[in-house]
Amino acid sequence: MIEISAPLYVGDVVEMRKPHPCGGKQWEIVRVGADIGLVCQTCKRRVLLPRRDFARGVKRFIRRGAATESDA
Ligand SMILES: [Zn+2]
């Protein structure tokens, strides 16, 4: 499992263990808070995941967003 105490930033792109029903595995982080907002890069659908579920489901970081873009 990935160490997720590392800060998350809006604009980060991650790969999740479990693909979206559309087949997409890459997600862009659009919101960082108690819940993590993610947009599927394949179908552009938006979901909210509790931080814990996100930490459990994330496989790896594809791209890191700019630290200054965080709204935390
Ligand atoms: Zn999708």
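A quick note: this is a predicted structure, and the numbers were derived from the prediction, not measured. By convention here, each chain's residues receive numbers from 1 onward along its written sequence. Side-chain atom pairs in this predicted model are given and counted only at pLDDT of 80 or more, local residue features only at pLDDT of at least 70, and totals for whole chains, interfaces and linings cover all residues. Values reported for side chains reflect all heavy atoms of the structure, with hydrogen atoms and water molecules removed beforehand.

**Q** An account of the coordination of the zinc ion is requested, with residue identities and associated values reported.
**A** In the first shell of the zinc ion, the protein supplies His-20 (ND1), Cys-22 (SG), Cys-40 (SG) and Cys-43 (SG), at 2.0 to 2.3 Å from the metal. A donor here means an N, O or S atom no more than 2.8 Å from the metal, or no more than 3.2 Å when the metal is Na, K or Ca. Since water is not included, a site may seem to lack partners. When four donors show all angles between 85 and 135 degrees the site is tetrahedral, when four or six donors have opposite pairs over 155 degrees and all other angles between 65 and 115 it is square planar or octahedral respectively, and in every other case it is irregular. Each of the 4 donor atoms bound to the zinc ion contributes to angles spanning 105 to 120°, and the resulting shape is tetrahedral.

**Q** Break down the packing of aromatic side chains for me, with residues and values.
**A** The description of two aromatic rings rests on the distance between their centres and on the angle between their planes. For this analysis, a ring pair means two rings from Phe, Tyr or Trp (six-membered ring only for Trp) whose centres lie within 6.5 Å, classed as stacked if their planes differ by under 30 degrees, edge-to-face if by over 60, and tilted for the remaining angles. Enumeration over the complete set of coordinates arrives at 0 aromatic pairs. For a lysine, the NZ atom is tested; for an arginine, the CZ atom; a charge sits over a ring if that atom is within 6 Å of the ring centre and within 35 degrees of the ring normal. Taking the ring centre of Phe-61 as reference, the NZ or CZ of Arg-64 above it sits at 4.2 Å.

**Q** Could you give an account of the sheet that holds strand 4 (residues 46-50), with specific residues and numbers?
**A** One key point about sheets: their strands pair by backbone hydrogen bonds, in either a parallel or an antiparallel sense. Here the rule is simple: two strands pair whenever DSSP picks up at least two bridges between them. Secondary structure elements are defined from DSSP: runs of H or I of at least 4 residues count as helices, runs of E of at least 2 residues count as strands, and each element is numbered from the N terminus. Spatial strand order, 4-3-2-1-5: 5 strands in an open sheet with antiparallel pairing. Every interior strand has two partners, whereas the edge strands, strand 4 and strand 5 (58-63), have only one. Neighbour to neighbour, the strand axes of the sheet diverge by 40° on average, direction disregarded. One ladder, built from 3 bridges, connects strand 1 (residues 13-16) with strand 2 (residues 26-32); its direction is antiparallel. Considered in strand 2, the bridge of Glu-15 is made with Gln-26. Interaxial angles span 0 to 180 degrees and are taken between N-to-C directions of axes, which are lines fitted to C-alpha atoms, for helices over the stretch in contact.

**Q** Can you explain the pairing of strand 3 (residues 35-40)? Please cite residues and give values.
**A** For every residue, the accessible area obtained with a 1.4 Å probe (protein chains only) is divided by the maximum for its type, and the residue is called buried under 20%, exposed over 50%, and partly exposed between those limits. Burial of strand 3 is extensive: 5 of the 6 residues sit out of reach of the surface. Strand direction decides the pairing type here: strand 2 and strand 3, joined by 5 bridges, are antiparallel. Bridge pairing in strand 3 links Ile-29 to Leu-38. Between strand 2 and strand 3, which pair antiparallel in sequence order, lie 2 residues. Relative to strand 4, strand 3 is paired through 5 bridges, and the arrangement is antiparallel. In the sheet register, Gly-37 faces strand 4, and the bridge partner there is Leu-48. Connecting strand 3 to the antiparallel partner strand 4 that follows it, the hairpin turn spans 5 residues, and Lys-44 within it adopts a positive phi of roughly 65°.

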